[in-house]
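Examining the three-dimensional arrangement
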Amino acid sequence: MKKWLYIIPLLMIIIIWQASHIYHESMSFQKKGEKKAIAFAEENVKGLSSIHDAEYYHGRLAYTVLYGTNDKDEDIIVWVPDSKQGKLITKKASEGWSIEKVKKYVIANQNPLKLIDIRLGAEVMKDNRTNRTETTPLWEVTYLDQEKRYTYYFMKFEDGSFVKRYSLKKDRFEEEI
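Description of the structure in this document. (Residues numbered from 1 in each chain as written. Predicted model: local features only at pLDDT ≥ 70, side-chain atom pairs only at ≥ 80, totals over all residues. Heavy atoms only, no water.)

1. What about the pattern of salt bridges?
Pairs may arise between side chains of opposite charge once their charged atoms sit close together. Throughout the structure, instances matching the rule amount to 6 salt bridges. For the salt bridge of Arg149 with Asp145, the shortest nitrogen-to-oxygen distance reads 2.8 Å. Residue classification places Arg149 among the partly exposed positions, given a relative accessible area of 28%. For Asp145, a relative accessible area of 8% corresponds to the buried category. Taken together, the salt bridges that share partners define one network made up of Asp145, Glu147 and Arg149. (Salt bridge = Lys/Arg side-chain N within 4 Å of Asp/Glu carboxyl O. Buried < 20%, exposed > 50% of the residue type's maximum accessible area, 1.4 Å probe, protein only.)

Written out as C-alpha cells, the structure is:
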C-alpha cells in the first residue's frame with residue numbers, strides 16, 4: 001500500500017513533465033516559422049520598417065501573416081507563404097477591411113451565438129470567368145452558428161465579399177455556451 005503513495009505522485013510528475021515538453025516543442029516550431037517568415041519579409045518587402053505581430057494561417061497553403069509598418073509609417077500586412085508554391089503578398093491595412101469591420105459585418109449578417117476567432121489568411125482561388133488562379137488575401141471567421149455548429153466563414157480582405165462557408169455537424173463537435 002505504501003508503494004502506491006510514492007508511485008502515483010511520481011507518475012503524475014512524469015505525465016506533467018511530458019505534456020509540458022510536448023507543448024514547448026510544438027511552440028518552438030511555430031516560433032522558428034515566425035522568425036523565418038520575418039527574415040524573409042525583411043529581405044523581400046521594400047520599405048518594411050517594423051513588424052509588431054505575427055499569426056499563422058493554414059488553408060490549402062500555409063501562411064504566416066505579419067503586421068507592421070512601412071517607411072511612411074503606414075500599417076501594412078504581409079502574407080509570407082510557408083512553401084514555394086505560395087505567393088508573397090503585401091498590402092496596406094487601409095486597402096482592406098479591418099478586424100472591427102469584419103466583426104460587425106459577421107454579427108449583423110450571420111447572427112453567431114459566439115465568435116471564436118477572426119484571422120487573416122490567403123487562399124489560392126480560381127476565377128471561373130478567366131480560368132486563372134490567383135492567391136487572394138481573406139478573413140477567416142470562426143463562430144458557433146444558431147444551430148450550435150462550428151462554422152468557418154471566409155470573406156475577401158479587400159472588399160468583404162463572400163468566398164465560402166462550411167460548418168461541422170453538431171454531433172461531430174459539441175461546446176457549452
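2. Topic: the sheet that holds strand β6 (residues 132–144)
Taking strand neighbours across the sheet as the criterion, the 4 strands line up as β5-β6-β7-β8 in an open arrangement whose pairing is antiparallel. Every interior strand has two partners, whereas the edge strands, β5 (114–127) and β8 (162–168), have only one. Neighbour to neighbour, the strand axes of the sheet diverge by 20° on average, direction disregarded. Strand direction decides the pairing type here: strand β7 (residues 150–156) and β8, joined by 6 bridges, are antiparallel. Within β8, the position partnered with Tyr150 by the bridge is Leu168. (Pairing = 2+ DSSP bridges. Helix = DSSP H or I, 4+ residues; strand = E, 2+ residues; numbered from the N terminus. Axes fitted to C-alpha atoms, helices over the stretch in contact; angles between N-to-C directions.)

3. Thoughts on the sheet that holds strand β1 (residues 48–58)
Taken in spatial order, the 4 strands of this open sheet run β1-β2-β3-β4, and their pairing is antiparallel. Two strands lie at the open edges of the sheet, namely β1 and β4 (89–92), each paired on one side alone. Within this sheet the neighbouring strands show an average axis-to-axis angle of 20°, counted without direction. Pairing between strand β2 (residues 62–70) and strand β3 (residues 75–81): 7 bridges, direction antiparallel. Residue pairing for β3: Thr69 is matched across the bridge by Asp75.

4. Examining the packing of aromatic side chains
Scanning the model with the defined rule gives 7 aromatic pairs in all. Taking 5.5 Å as the distance between ring centres and 80° as the angle between the ring planes, the aromatic pair formed by Tyr150 and Tyr152 counts as edge-to-face. With respect to class, Tyr150 is no different from Tyr152; both count as buried. Put simply, the rings of Tyr150, Tyr152, Phe154 and Tyr166 touch in pairs and so form one group of aromatic residues. (Phe/Tyr/Trp six-rings, centres within 6.5 Å; stacked < 30°, edge-to-face > 60°.)

5. Side note on the nonpolar core
Residues Trp79, Val102, Leu120 and Trp139 are the most contacted members of the largest nonpolar core, which totals 19 residues. At the level of secondary structure, the elements contributing two or more residues to this core comprise β2, β3, α2 (99–110), β5, β6 and β7. Every residue in contact with Trp79, bar those within four places of it in the chain, is listed here: Tyr63, Thr64, Val65, Lys87, Leu88, Ile89, Lys91, Leu120, Gly121, Ala122, Pro137 and Phe157. Counting 9 residues, the second largest nonpolar core, distinct from the first, contains Ala41, Val45, Leu66 and Val80. (Core = buried A, V, L, I, M, F, W, Y, C linked by side-chain atoms within 4.5 Å. Contact = heavy atoms within 4.5 Å.)

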